[in-house]
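Chains, contacts and geometry: an overview
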Amino acid sequence: MNYAEQFRQLAPLLPGRHLDWLEALRRAGEARFATGGFPSPREEEWKYTNVAPIEKKLFKPAAGESARVDKATLERYRLPEAWSLVFVDGVYAKDRSITAGLPEGVVLPLAEALERSPEQAEAFFHKIAAREEHGFVAFTTAYFRDGALIHVPAGLRLEKPLQIIHVATRPDGLSVLRHLIAVERNAEARVIETYIGTGSASYLTAAVTEIHLDENAGLEHIKLQIETDKAYHFGGIYAEQARSARLRQHHAAFGGLLARTEIHSELGHGAECELDGLFLATGRRHLDTHTLLRHRAPQAISRESYRGIAAGRGRGVFSGRIVVHQDAQKTDAEMSSRNLLLSEDAEIDSKPQLEIHADDVKCAHGVTVGQLDSSAVFYLQSRGVDELSARNMLTFAFANEMVEKIRPDSLKHQVQSALLAALPQADIREDWL
Amino acid sequence: MAASAKSLEKFIHKDYKPGFFTDLEADTLPPGLNEDVIRAISMKKNEPEFMLEWRLEAYRRWLTMEEPQWAYVHYGPVDYQGISYYSAPKAKEAPKSLDEVDPKLLDTYNKLGIPLYEQERLAGVAVDAVFDSVSVATTFKDKLAAAGVIFCSMSEAIQNHPELVKQYLGSVVPPADNFFAALNSAVFSDGSFVYIPKGVRCPMELSTYFRINAAKTGQFERTLIIAEEGSYVSYLEGCTAPMRDENQLHAAVVELVALDNAEIKYSTVQNWYPGDEEGRGGIYNFVTKRGDCRGRKSKISWTQVETGSAITWKYPSCILRGDESVGEFYSVAVTNHCQQADTGTKMIHIGKNTTSTIISKGISAGRAQNSYRGLVKILKSAENARNYTQCDSLLIGDQCGAHTFPYIEVKQPSARLEHEATTSKISQDQLFFCQQRGLSAEDAVSMIVNGFCKQVFKELPMEFAVEAQALLGISLEGSVG
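Conventions used here
- In this convention, every chain numbers its residues from 1, walking through the sequence in written order.
- Starting at A for chains and at 1 for ligands, labels are handed out in the order in which the entities are written.
- Totals for whole chains, interfaces and linings use all residues, but because this is a predicted model, local features are given only for residues with pLDDT of at least 70 and pairs of side-chain atoms are given and counted only at 80 or more.
- Helix and strand assignments follow DSSP, with helices taken as H or I runs no shorter than four residues and strands as E runs no shorter than two, numbered in order from the N terminus.
- We compute the radius of gyration over the C-alpha atoms and compare it with the globule rule, which gives 2.2 Å times the number of residues raised to the power 0.38.
- Remark: residues whose backbone-derived C-beta atoms lie within 7 Å of one another are considered to be in contact.
- Exposure criterion: with C-beta atoms placed from backbone coordinates, a residue whose C-beta has 20 or more other C-beta atoms within 10 Å is buried, one with 12 or fewer is exposed, and one in between is partly exposed.
- Here an angle of 0 to 180 degrees is reported between the N-to-C directions of two axes, which are lines fitted to C-alpha atoms, with helices fitted over the stretch in contact.
- Roughly parallel refers to an angle under 35 degrees, roughly antiparallel to one over 145, roughly perpendicular to one between 65 and 115, and oblique to any angle outside these ranges.
- Handedness of a helix crossing follows the sense of rotation of the near helix relative to the far helix, less than a right angle counterclockwise being left-handed and clockwise being right-handed.
- In the scheme used here, Gly and all other residues not listed as nonpolar or charged are polar, with Ala, Val, Leu, Ile, Met, Phe, Trp, Tyr, Cys and Pro taken as nonpolar and Asp, Glu, Lys and Arg as charged.
- Any two strands with at least two DSSP bridges between them are considered paired.
- To estimate the expected span of a helix, count its residues, drop one, and scale the result by 1.5 Å.
- Domain boundaries shown here were taken from an automatic or database domain assignment.
- A set of buried Ala, Val, Leu, Ile, Met, Phe, Trp, Tyr and Cys residues, joined to one another through C-beta atoms within 7 Å, is what we call a nonpolar core.
- As a per-residue measure, pLDDT reflects the predictor's confidence and takes values from 0 up to 100.

A separate point is the overall build of chain A. Counting secondary structure elements, chain A contains 10 helices and 20 strands. For 433 residues, the compact-globule formula gives about 22 Å, and the C-alpha radius of gyration of chain A, at 21 Å, lands near that figure. Judged by the C-alpha coordinates and their principal axes, chain A covers about 70 × 55 × 45 Å. The contacts in chain A between residues at least 6 apart in sequence include a share of 81% that link residues at least 24 apart.

Each helix and strand counted, chain B has 13 helices and 24 strands in total. Counting the 481 residues in chain B, one finds 55% classified as buried. In chain B, of all internal contacts separated by at least 6 residues, the share reaching a separation of at least 24 is 84%.

All names here are of chain A. Put simply, helix α2 (residues 20–36) and helix α7 (residues 135–143) touch, their axes get as near as 7 Å, and they point 140 degrees apart. If you check the angle between α2 and α7, you find them oblique. As for how α2 packs across α7, the hand of that crossing is left-handed. For the pair α2 and α7, contact is made by Leu25, Arg26, Gly29, Glu30, Arg32, Phe33 and Gly36 and by Gly135, Ala138, Phe139, Thr141 and Ala142, respectively. Grouping the amino acids of the contact of α2 with α7 by side-chain chemistry returns five nonpolar, four polar and three charged.

Below, the discussion takes up the interface of chain A and chain B. Bring the parts together and some accessible area is lost; that lost area is often taken as the interface size. Counting from both sides, the interface comprises 32 residues of chain A and, opposite them, 32 residues of chain B. Broken down by secondary-structure element, the contributors of at least two residues to the side of chain A that touches chain B are β19 (347–356) and β20 (362–370) of chain A. Per-element accounting of the side of chain A that touches chain B gives the leading share, 10 residues, to β19(A). As judged from the eight bridges shared by β20(A) and strand β24 (residues 416–424) of chain B, these two strands associate in the antiparallel manner. Its bridge partner lying in β24(B), Gly366(A) is registered against Glu420(B).

A few words on the pairing of strand β8 (residues 188–197) of chain A. Residues and elements named next belong to chain A. With nine of 10 residues buried, β8 lies mostly within the body of the structure. Where β8 meets strand β10 (residues 218–226), nine bridges bridge the pair, whose relative direction is parallel. Directly across from Val191, in β10, lies its bridge partner His221.

Let us look at helix α10 (residues 409–422) of chain A. Taking 1.5 Å per residue as the helical rise, α10(A) with its 14 residues ought to reach 20 Å, and the 20 Å between its terminal C-alpha atoms agrees with that figure. Packing partners of the buried residues in α10(A) comprise α4 (71–77), β8, β10, β12 (246–253), β14 (272–281) and α9 (387–403) of chain A.

Counting through the fold element by element, Cys293(B) comes out in strand β13 (residues 282–293). Of the residues examined, Cys293(B) has 32 C-beta atoms within 10 Å and is grouped as buried.

Once that is clear, we can look at the domain arrangement of chain A. All names here are of chain A. Segmenting chain A into domains produces domain 1 (3–267) and domain 2 (374–433). Averaged C-alpha coordinates put domain 1 and domain 2 at centres separated by 31 Å. The interface is formed by 12 residues belonging to domain 1 together with nine residues belonging to domain 2. Among the elements of the structure, β10 and β12 are those that each provide at least two residues to the side of domain 1 that touches domain 2. Counting residues per element, the side of domain 1 that touches domain 2 draws most heavily on β10, at three residues.

Turning to the nonpolar core, a few remarks are in order. In this structure, Ile150(A), Val194(B) and Ala227(B) are the most contacted members of the largest nonpolar core, which totals 237 residues. With seven residues, strand β7 (residues 173–183) of chain A is the single largest residue contributor to this core. Lining this core are residues from two domains, each supplying at least three of them: domain 1 (3–267) and domain 2 (374–433) of chain A. Ile150(A) has contacts with Val106(A), Val107(A), Leu162(A), Leu180(A), Ile181(A), Ala189(A) and Val191(A), leaving out every residue within four places of it along the chain.

Residue and element names in this part refer to chain B. Within chain B, residue pLDDT values average 79, and 74% of them lie at 70 or more. Mean pLDDT across the elements of chain B ranges from a minimum in helix α13 (residues 466–473), with 36, to a maximum in strand β19 (residues 346–349), with 97. In the model, residues 118–124 has pLDDT below 50 throughout and makes 12 contacts with residues more than four positions away in sequence or in other chains. Counting interchain partners and residues more than four positions distant, the pLDDT-below-50 stretch residues 458–481 has 48 contacts. Among the prediction metrics, the complex's ipTM stands at 0.86, with pTM recorded as 0.86.

For the rest of this paragraph, the subject is the pairing of β7(A). All names here are of chain A. Where burial is concerned, most of β7 is hidden: 11 out of the 11 residues are buried. Burial along β7 is two-sided: the face carrying Gly173, Ser175, Leu177, His179, Ile181 and Val183 and the face carrying Leu174, Val176, Arg178, Leu180 and Ala182 are both buried. Note that strand β1 (residues 60–61) and β7 share two bridges and pair parallel. For Pro61, the partnering residue across the bridge sits in β7 and is Leu174. One ladder, built from four bridges, connects strand β5 (residues 148–152) with β7; its direction is parallel.

This part takes up helix α9 (residues 179–187) of chain B. Owing to its 3.6 residues per turn, the α-helix brings residues three or four apart onto one side. Residues and elements named next belong to chain B. Judged by how many residues are buried, α9 sits mostly within the fold: eight of nine residues are covered. Among the residues of α9, those classed as buried are Phe180, Ala181, Ala182, Leu183, Asn184, Ser185, Ala186 and Val187. Among the structural elements, α2 (35–44), α3 (49–63), β8 (222–227), β11 (253–258) and β13 are those in contact with the buried residues of α9.

Turning our eyes to something else, we now look at unusual backbone geometry. Cis geometry marks the peptide bond from Arg407(A) to Pro408(A), where omega comes out at -5 degrees. Take Pro408(A): it is sitting in the loop between α9 and α10. Despite not being glycine, His126(A) shows a phi value in the positive range, around 60 degrees. Turning to its location among the elements, His126(A) is positioned in the loop between α6 (118–124) and α7. With a phi close to 55 degrees, Asn384(B) is a non-glycine residue in the positive phi region. Within the fold, Asn384(B) resides in the loop between β21 (369–378) and β22 (386–396).

Right under this line is the structure:
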């Protein structure tokens, strides 16, 4: 049994089978996946991440309706002030979602959109992700079960953030999702993707998000990955920014056993892109973040700031690439990656890259890898804090500088609690924050 | 900006001075590569049996390897069967002293600015000159011998010191290390050999000049430097080639071994023919250079000024095996017209308290592509390892490219590592500041470019020898140091 056979049996469950264009894309994806499989560490972009453990297993997609999900778990991560779409094991759970008050037609589950307004989905589906043809992307194209279609019309500003909550419940379960976010001229939106799991068994989540930002559109996109300790996760976020479009992307990765997130954007004339991120590779986690910013037109600005912590037997990988094309004069790009390595068995691999084909540019990157400042630890100890707590406090402070950038506050507090849960001895009370 | 652009133009459109060809009778093997060619090379050099076996083994491994494709350089396929792997200036017998060396050859070196005689008196630099495939003259042998230093061509070393060659050759760069190293191991014809005995501070700078002269030949030299306990040596190499329309291959291997408390300083001024403005001709420079800090507190320092070659593929590296050993890499790489350079370093930290410093300055002009590619790897055993890396690029013109591909891998929590990179052109602010202090735009540009890679940059015009001596003399202050 392989994925092709498995999905042949489940074919009626895959949405949009009646659409020729989609069927063609699915078949192409399937063919590419069948020949290439998942990427191997022999490929330069996967040098530090070996996905053999994923390849060895055959994860199973949910068969029918979405499973019941523990309400308390869900409510812990649901933001009170946001609309939310809930996907349980990769299937849309209408009864758990809160969409009341959303302007008509702005947000639809992708499966529903393919029935009701396929031309809308066709306009955006696999337009950007087509450039990222590795095994995982092909896999999601071939086998996606659902996703969200968010289409904000020109000039509209979504008043509340929209949260997409992914919950994995079944052992050896498989969730395959494709999200489409399109923000038209002068429109603005805030989207939060939350990935969580229940239970203690392993599962695989593979999600691809395509982001189209029209002229002067604005999007704040936050991805919070707190999968369970045995989970496998692949997330691709691929964006294209038209003239003067603004993208703020924040990525917090705290969970999973083996997780990889790719964040790519192509910047048009005068576009602005801000990428912030934090990963916490504790336990046996392998957390990999790849970013790629392509400055295609003049005067775009990008700011990228990542922090990573590797402890226990964890491994953190950061690869950031900035490409400045020949026409992209007056580009201003900065990237920094700061990393804390806290244990003998942990590892940090960092690969910051600049590829520059224009001369009138300002580009810089910086990387540091080190440990906690021993004099700061000593200072706290001299004030009566024991060493372990002192170290945890300083580690928290290092990470919290990134978390502080997260909006809205309710989400920031959620991330802070997740951070404190990973540093139990920090001796920091949440109400201090 | 007009005036400054002009001064940049002037800088960019320098002629390639060493581009002449010397008409010498040469003993050249027909093009092609097979086991017989390797046997012929080995026989011509009158090598002991173990060398031939070593070469053949490398050749067999090479046959199974593929040419690396990962570097950010683009070139047509190299026809390895179209190259002659051995070319030597014809001489009845090996020259016993400088007086016996073919005057035409000496004249060539004079044109290049390496007056071998003058050097003896003035500069006090011992020179080993390698012409196409063989070493033609080594100066100052006696004085060096008095200090116990062995400085000779590789072929002589194989004849006279086979035990040292056997022990160290291939111990830093194994024959099958990579495609080009394997090719070199199979067919290398000559190179320099340096042995500094225990506690000896080499009394003078050692220097080698490489010259590719004959057409349709490749140059494959192999350099081996061994610094015994507590010794010190400073070594300079320079390279040139005539101007030709076809591409010529240069695949060298350099191995350095530093034992306890030893220090090796290795400087390169690479000015192989870069090809013309349209990118025709030029040398393919595929070089493997690696230093092994085997002993405690040993130190290896690479300094390179890379201005020539159509394509440069070169990563002088340090393996910091001994505790408290030090690795350094200082580089200025200039690419112009259609030149492509993919160069950088590897620092592998194995011993405790090892430190490494990487300073790389890339200047890209015309339609050139200039990449820094480096690896800093800190293994679990390398407690308190320390690395500082800085790579800056300067772009001159809107059709060139400058790229940075650093790899950082850390497995030891007490390690501290910093990496910084910037890319920019000469800013209007800097120009304005200099000009409002009364400097002409031209002076301002030259001042800024000079400042960008301070001490090494002034050596770019490549007036060899005495200047090269000066290059080594300059203390590595400021950014480089």
